[in-house]
Amino acid sequence: MTLRFTLRQLEYLVAVAETGSIATAADRVNVSSPSISVAISQIEAQLGLMLFLRRQAHGLALTQAGRQVVEQARLVLEQAERLNGMAAQISGQVRGPLHVGCMLTFAQVVLPHLRRGFVDAHPEVEFQQSEEHQTHLIEGLRRGRLDVALTYDLEIPSDLRFEPLAILPPHAVMAPDHPMANRTSVSAEDLAPYPMVLLDLPLSSDYLLSGFGGSKLRPKIVERSKDMGVVRSLVANGFGYSIANMRPETDQAPDGKPLCFVPLVGAMRPTEVGLLLAEGAEAVLTIRAFVDHCRKSVLAGGIPGLRNAQPVPRKSGSISAKSSA
């Protein structure tokens, strides 16, 4: 029997296996849910195997056979990526697929500008992007779903490599009529008596509260949100202050109301925004070209869309494993 699979079908298969949902997988690979369903059905028919258990209201779960097939599908996709990379290296052309992840807290501000410049310079690159929080970015790099990620230096594992691009000092964010809004700087001690709106994302929330931990203070958290825009609008409407490292070019919340950014001093360290890669990823020409593009763009004008980014000059051998608290 001749098996006929496309790489695209295998990509759909792996996406469903990793998400457990046809709808979520469709969002990840930017196709319709029926296209995913048809691809899975065709692969199952070709193999004569049931790869997923369909559980009503609980998504899809891999069968034992499905786990084995998905493992091999990942290997095929990895080999296809290597083949494409080898062809690019031989021809000296930057082309083929590039999967870039970005920390969702600053993706809307940073990634479109970097992508525009890169695809204009390298039109044969098939650029795909995803916006995720830190733990999903790390998982995506480890599984080979992502080639490179733009993120903060938060809990970087030793098996991945981080290159800082810019330093982002922390700020207290508040409405113009907040009692602390006219200060030249504030500390955790200054803010502790006032209500706080917390950006509640994995790893990020621990960092944002780190300035209070060293002083044994307890912030008065009155609201939490996983959406940066929601946090800023709550702050602008007087529900409390927040803390952020990212200061956009415009000091406005999504609803148009003004915001004040006051430098935060004390125990909270600045964060670094940079590139996160798997070991040896820059051996692939397309990935190396994107890394170089990001370096040059940041050194030329800082992080696009961010007012307070301080570029980090590249040092020899600057990509290194980094773990931060």
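Now for a quick tour of the structure.

Each value, and the rule that gives it
- Residues numbered from 1 in each chain as written.
- Predicted model: local features only at pLDDT ≥ 70, side-chain atom pairs only at ≥ 80, totals over all residues.
- Heavy atoms only, no water.
- Pairing = 2+ DSSP bridges.
- Helix = DSSP H or I, 4+ residues; strand = E, 2+ residues; numbered from the N terminus.
- Contact = heavy atoms within 4.5 Å.
- Axes fitted to C-alpha atoms, helices over the stretch in contact; angles between N-to-C directions.
- Core = buried A, V, L, I, M, F, W, Y, C linked by side-chain atoms within 4.5 Å.
- Buried < 20%, exposed > 50% of the residue type's maximum accessible area, 1.4 Å probe, protein only.
- Parallel < 35°, antiparallel > 145°, perpendicular 65-115°, else oblique.
- Nonpolar A, V, L, I, M, F, W, Y, C, P; charged D, E, K, R; others polar.
- Polar contact = N/O pair within 3.5 Å; in protein donor to acceptor, adjacent residues only side chain to side chain.
- 1 Å grid on protein atoms, 1.4 Å probe; cavity = no way out; pocket = protein on both sides within 12 Å on 5 of 7 lines; lining within 4 Å.
- Points joined across faces, edges and corners; volume = space filled by probe spheres on them.

A few words now on the sheet that holds strand S4 (residues 125-132). The strand order across the open sheet formed by six strands is S4-S3-S5-S13-S6-S14, and the pairing between neighbours is mixed. Both edges of this open sheet fall to S4 and strand S14 (310-311), since each of them pairs with a single strand only. Judged from the four bridges that link them, strand S5 (residues 148-152) and strand S13 (residues 271-278) form a sheet pairing that is antiparallel. The residue of S13 that forms the bridge with leucine 150 is leucine 275. Of the strands in this sheet, strand S3 (96-103), S4 and S5 touch helix H5 (residues 107-121), which is tilted by about 175 degrees from S4.

By size, the foremost hydrophobic cluster in this structure holds 77 residues, and its most contacted members are Phe106, Leu150, Met174, Leu275, Phe290 and Ile303. With seven residues, helix H11 (residues 285-301) is the largest single contributor of residues to this core. Setting aside its immediate chain neighbours within four residues, methionine 174 contacts Met180, Ala181, Leu191, Val235, Tyr241, Leu259, Cys260 and Val262. In terms of nonpolar packing, the next biggest core, distinct from the first, is built from 19 residues, Tyr12, Val16, Ala25 and Ala73 among them.

Quick look at the pairing of strand S7 (residues 171-174) now. With burial as the criterion, each face of S7 is covered, one bearing His171 and Val173 and the other bearing Ala172 and Met174. The sheet contact formed by S7 and strand S11 (residues 242-244) spans three bridges and is antiparallel. Bridge pairing links histidine 171 to alanine 244 in S11. Bridging between S7 and strand S12 (residues 260-265) involves four bridges; their strand directions are antiparallel. In the sheet register, alanine 172 faces S12, and the bridge partner there is valine 262.

One way to put it is that helix H1 (residues 7-19) packs onto helix H3 (residues 33-47) with a least axis distance of 9 Å and a crossing angle of 100 degrees. Classified by the interaxial angle, the pair formed by H1 and H3 is roughly perpendicular. Seen from H1, the contacting residues are Gln9, Leu10, Tyr12, Leu13 and Val16; seen from H3, they are Ser35, Ile36, Ala39, Ile40, Gln42 and Ile43. Looking at side-chain class alone, the contact of H1 with H3 contains eight nonpolar, three polar and no charged residues.

Our next topic: the side chain of arginine 145. Topologically, arginine 145 is positioned in the loop between helix H6 (134-143) and S5. A distance of 3.0 Å separates polar atoms of two side chains, one belonging to arginine 145 and the other to glutamate 132. Residues within four places of arginine 145 in sequence aside, it is in contact with Glu18, Arg28, His99, Ser130, Glu132, His136 and Gly140.

The next subject is the layout of surface pockets. The calculated volume of the largest pocket comes to roughly 1200 Å³. Lining the largest pocket are 40 residues, and of these Leu77, Glu81, His99, Gly144 and Asp147 sit closest to its centre. Where the lining of the largest pocket is concerned, the elements lending two or more residues are H1, helix H2 (22-29), helix H4 (64-91), S3, S4, H6 and H11. Per-element accounting of the lining of the largest pocket gives the leading share, eight residues, to H4. When the residues that make up the lining of the largest pocket are grouped by side-chain class, the tally is 16 nonpolar, nine polar and 15 charged. In this structure, the second largest pocket spans a volume of roughly 290 Å³. Taken together, 15 residues form the lining of the second largest pocket, with Thr24, Arg28, Ser130, Glu132 and Arg145 sitting closest to its centre. Counting residues per element, the ones that place at least two in the lining of the second largest pocket are H1, H2, S4 and H6. By residue class, the composition of the lining of the second largest pocket is no nonpolar, seven polar and eight charged.

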